[in-house]
Amino acid sequence: MQAQNSVGIVTPQYVHIDKPLHLMSGAVLNSYNLVYETYGKLNSAKSNAVLICHALSGSHHVAGIYADQPKSAGWWDNMIGPDKSIDTNRFFVIGVNNLGGCHGSTGPASIDARTGRPYGASFPIVTVEDWVEAQAQLADHLGIDQFAAVGGGSLGGMQAIQWALDYPERLRHALVIAAASKLTAQNIAFNDVARQAIISDQEFYGGDYYSYDTLPRRGLRLARMLGHITYLSDDSMAIKFGRDLRSGAFSFGYDVEFEIESYLRYQGDKFADQFDANSYLLMTKALDYFDPANAYNGDLSAAFRNAKANFLVLSFTSDWRFSPERSRDIVKALLDNEANVSYAEITSRHGHDSFLMVDGYYHQLVRAYMDKIET
Amino acid sequence: MTHITKSSDISRPDFAAIAAWISPGAKVLDLGCGDGSLLRYLHDTRSIFGYGVEIDDNNVLSCVRNGVNVIQNDLESGLSTFESDSFDYVILSQTLQAMRHTEEIVNEMLRVGKQGIVSFPNFGYWKNRAQVISGHMPVSEELPYQWFDTPNIHLCTLGDFEELCNLCGAQILERIVMNGGRQIAFLPNLIGMLAFYRFERQK
């Protein structure tokens, strides 16, 4: 964690939205809570707000730390803070936990007021469009008519795209990092294996495990282990772990032998203790469904026709889960619409996770772009 | 490979020569745009809308700092991100001589732009010829590299480039030849240091 230029100690805030949310699936959420954090100060013109959207396992805790928890730095603390690339001296930055999440916004583990029990399997499937709709309600609550920028990495970048399509007047810039305009079949396949790991866990109970006072830990752990492999690159794993053995020799058994096994199991265990399996299922479905071109016969350029935001699109060379080709699809659609767009392909060996890492060129690009944004 | 554009080093007369060919409000693609200063200049003087293409990280960063749209891409792999006929002008400023796929990039310029503008150091300039006669590869202000470290792998003279245009089906519309900021009309292939061409597809 970087203590330098940190936004310091932060406190989550809650908003209860009473306006019914009509979801893409046809289901309706009559009311819901959103948990969010803010960093920096909203200026009097309310023109310096930046919304940060989180990826699969992220949350509203984007920057800063919680009191008495020195290791609780937000997931993008290296990017956001005073004098950092997204400078909280200039911008009012908002992080929000998405609907269906498990960090405080209404999700499958929340109590359904109609039954007095956790939603569990009855929590409706939510999409990127639904999230943007809910985020717009938060913007209304905060009195923000137009964001200076909406941005995020991976699934977060998809939300930034959706904002530009659904609310062209409500953002001036979109930061789309390590994202895609749709998942490939291979990507959906990975997600489904992760889902099957959870759903086939005997402790899953059709998603109602809360009532049985248990968790599908093994399934969620497997799902995370698989996901983690795809977020790294072959190179980064080779460099970090290689074929290193924990004990220095084969033990001819099935216990942990290679360092990579140890690392993945540790990551899986840690995640299974923190994350809700139903939320994981929901997030992967939101990823799979995202495809703004679908309503335009697959024509992504047509999908972007009404977008007005300026775009910064970034990809990472070793990211094979959201490859540079997918970012170039987005850039092509923006060029076809004569949108202001800059695109950079950042050389990195950290795979999809690169967007969370500190990298000189990457962070300087974001800083240079943000510095040009008028508030 | 790195495209050597040094657009920040180009004196204003260079910029002005290109700007004079650009109609106000035009849509411009600048290939190998360097730090984006030509695009910035065209934006400020001709109100153009445009994009730069650049491979070098530092240059891409400078473009963003200059508030210029830039797409990080290798010109050698073509311009497939850009639709045919989607730009009024496609500019290749002092990059041609450093490209491996010279013919291909001229063809791509003709495809993507209604007109192409190319500038390059004239290898036929008399001082270059004199250095070759004296037994050495030329080193000068326009060609500041030694033969063994130069990125300029496809140097040409005015006549050479005009032959390439003919080969690619490019109709030359205008030519300017400059020496130290002055336009040259007399013996351009001998006295000219920098050449500028404006061309379009042969009809």
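Please read all numbers here as calculations on a predicted model, not as lab measurements.

1. Digging into the overall build of chain A
Turning to step 1, where the next piece is worked out: Tallying secondary structure elements over chain A gives ten helices and 14 strands in all.
Turning to step 2, where the next piece is worked out: For 375 residues, the compact-globule estimate of 2.2 N^0.38 gives 21 Å, and the C-alpha radius of gyration of chain A, at 20 Å, lies within 12% of that figure.
Turning to step 3, where the next piece is worked out: Projected onto the principal axes, the alpha-carbon positions of chain A cover approximately 65 × 50 × 50 Å.
Turning to step 4, where the next piece is worked out: Burial statistics for chain A: of 375 residues in total, 57% are counted as buried.
Turning to step 5, where the next piece is worked out: Across chain A, the fraction of contacts at a sequence separation of at least 24, relative to all contacts at a separation of at least 6, is 71%.
Turning to step 6, where the next piece is worked out: Of the roughly 15800 Å² of accessible surface on chain A, 49% is carried by carbon and sulfur atoms.
Turning to step 7, where the next piece is worked out: Looking at charge distribution, chain A has the averaged site of its 31 positive side-chain charges lying 2 Å from that of its 42 negative ones.

2. Topic: the interface of chain A and chain B
Turning to step 1, where the next piece is worked out: The partner chain B presents 19 residues to the 19 residues of chain A that form the contact.
Turning to step 2, where the next piece is worked out: Interface area for chain A against chain B, summed over the two sides, is near 1700 Å², with a carbon-plus-sulfur share of 56%.
Turning to step 3, where the next piece is worked out: Put simply, chain A and chain B have two salt bridges between them.
Turning to step 4, where the next piece is worked out: Among the salt bridges present, the one from A:Lys332 reaches B:Glu83, with a minimum N-O distance of 2.4 Å.

3. A closer look at the pattern of salt bridges
Turning to step 1, where the next piece is worked out: The full count for this structure, using the stated rule, is 23 salt bridges over all chains.
Turning to step 2, where the next piece is worked out: For the salt bridge of B:Arg40 with B:Asp44, the shortest nitrogen-to-oxygen distance reads 3.3 Å. Taken together, the residues span about one helical turn, with B:Arg40 and B:Asp44 both in helix H2 (residues 37-46) at a distance of four residues.
Turning to step 3, where the next piece is worked out: Given a relative accessible area of 26%, B:Arg40 falls into the partly exposed group.
Turning to step 4, where the next piece is worked out: According to the relative accessible area criterion, B:Asp44 is exposed, its value standing at 51%.
Turning to step 5, where the next piece is worked out: Among the charged side chains, a salt-bridge network with shared partners connects A:Asp192, A:Arg195 and A:Asp288.

4. Some details on the pairing of strand E12 (residues 173-177) of chain A
All names here are of chain A.
Turning to step 1, where the next piece is worked out: Counting buried residues in E12 gives five out of five residues, a clear majority hidden from the surface.
Turning to step 2, where the next piece is worked out: By the alternation rule, side chains of E12 split into His173, Leu175 and Ile177 and Ala174 and Val176, which are all buried.
Turning to step 3, where the next piece is worked out: Direction of pairing for strand E11 (residues 149-153) relative to E12: parallel, over a ladder of four bridges. Residue pairing for E12: Gly152 is matched across the bridge by Val176.
Turning to step 4, where the next piece is worked out: In this view, the connection linking E11 to its parallel neighbour E12 by way of helix H2 (residues 155-166) has right-handed handedness.
Turning to step 5, where the next piece is worked out: Pairing between E12 and strand E13 (residues 310-316): five bridges, direction parallel.

5. Some remarks on helix H7 (residues 277-289) of chain A
Residues and elements named next belong to chain A.
Turning to step 1, where the next piece is worked out: Taking 1.5 Å as the rise per residue, H7 with 13 residues should run 18 Å; its terminal C-alpha atoms sit 19 Å apart, in good agreement.
Turning to step 2, where the next piece is worked out: In terms of burial, H7 is largely enclosed, as eleven of its 13 residues are buried.
Turning to step 3, where the next piece is worked out: Where H7 is concerned, the buried positions are Ala277, Asn278, Ser279, Tyr280, Leu281, Leu282, Met283, Thr284, Ala286, Leu287 and Asp288.
Turning to step 4, where the next piece is worked out: The elements touched by buried residues of H7 are helix H1 (128-141), H2, helix H3 (185-199), helix H4 (217-231) and helix H6 (259-274).

6. Points about helix H9 (residues 324-336) of chain A
All names here are of chain A.
Turning to step 1, where the next piece is worked out: For H9, which comprises 13 residues, the first-to-last C-alpha distance of 18 Å matches the rise-based estimate of 18 Å (1.5 Å per residue) to within 8%.
Turning to step 2, where the next piece is worked out: Looking at H9, one finds that the buried residues are Pro324, Ser327, Ile330, Val331, Lys332, Ala333, Leu334 and Leu335.
Turning to step 3, where the next piece is worked out: Glu338 occupies a position one or two residues after H9 and carries a positive phi of about 55 degrees.

7. Describing empty space enclosed by the protein
Residue and element names in this part refer to chain A.
Turning to step 1, where the next piece is worked out: If you walk through the whole model with that rule in mind, you get two cavities of 30 Å³ or more.
Turning to step 2, where the next piece is worked out: For the largest cavity, the calculated volume is near 40 Å³.
Turning to step 3, where the next piece is worked out: The wall of the largest cavity is formed by Leu56, Phe190, Asn191, Ala194, Ala223, Leu226, Gly227, Tyr231, Tyr280 and Arg321.
Turning to step 4, where the next piece is worked out: For the lining of the largest cavity, the elements supplying multiple residues, two or more each, are H3 and H4.
Turning to step 5, where the next piece is worked out: Here the element with the most residues in the lining of the largest cavity is H4; it accounts for four residues.
Turning to step 6, where the next piece is worked out: Grouping the constituent residues of the lining of the largest cavity by class yields seven nonpolar, two polar and one charged.

Each value, and the rule that gives it
- Residues numbered from 1 in each chain as written.
- Chains lettered and ligands numbered in written order.
- Predicted model: local features only at pLDDT ≥ 70, side-chain atom pairs only at ≥ 80, totals over all residues.
- Heavy atoms only, no water.
- Helix = DSSP H or I, 4+ residues; strand = E, 2+ residues; numbered from the N terminus.
- Rg over C-alpha atoms; globule rule 2.2 N^0.38 Å.
- Buried < 20%, exposed > 50% of the residue type's maximum accessible area, 1.4 Å probe, protein only.
- Contact = heavy atoms within 4.5 Å.
- Areas by Shrake-Rupley, 256 points an atom, 1.4 Å probe, with all protein chains shown as cover.
- Lys, Arg positive; Asp, Glu negative; His and termini not counted.
- Charge placed at Lys NZ, Arg CZ, Asp CG, Glu CD.
- Buried area = accessible area lost by both parts, 1.4 Å probe.
- Salt bridge = Lys/Arg side-chain N within 4 Å of Asp/Glu carboxyl O.
- Pairing = 2+ DSSP bridges.
- Right-handed = clockwise from strand over helix to strand, strands pointing away.
- Expected span 1.5 Å × (residues − 1).
- 1 Å grid on protein atoms, 1.4 Å probe; cavity = no way out; pocket = protein on both sides within 12 Å on 5 of 7 lines; lining within 4 Å.
- Points joined across faces, edges and corners; volume = space filled by probe spheres on them.
- Nonpolar A, V, L, I, M, F, W, Y, C, P; charged D, E, K, R; others polar.

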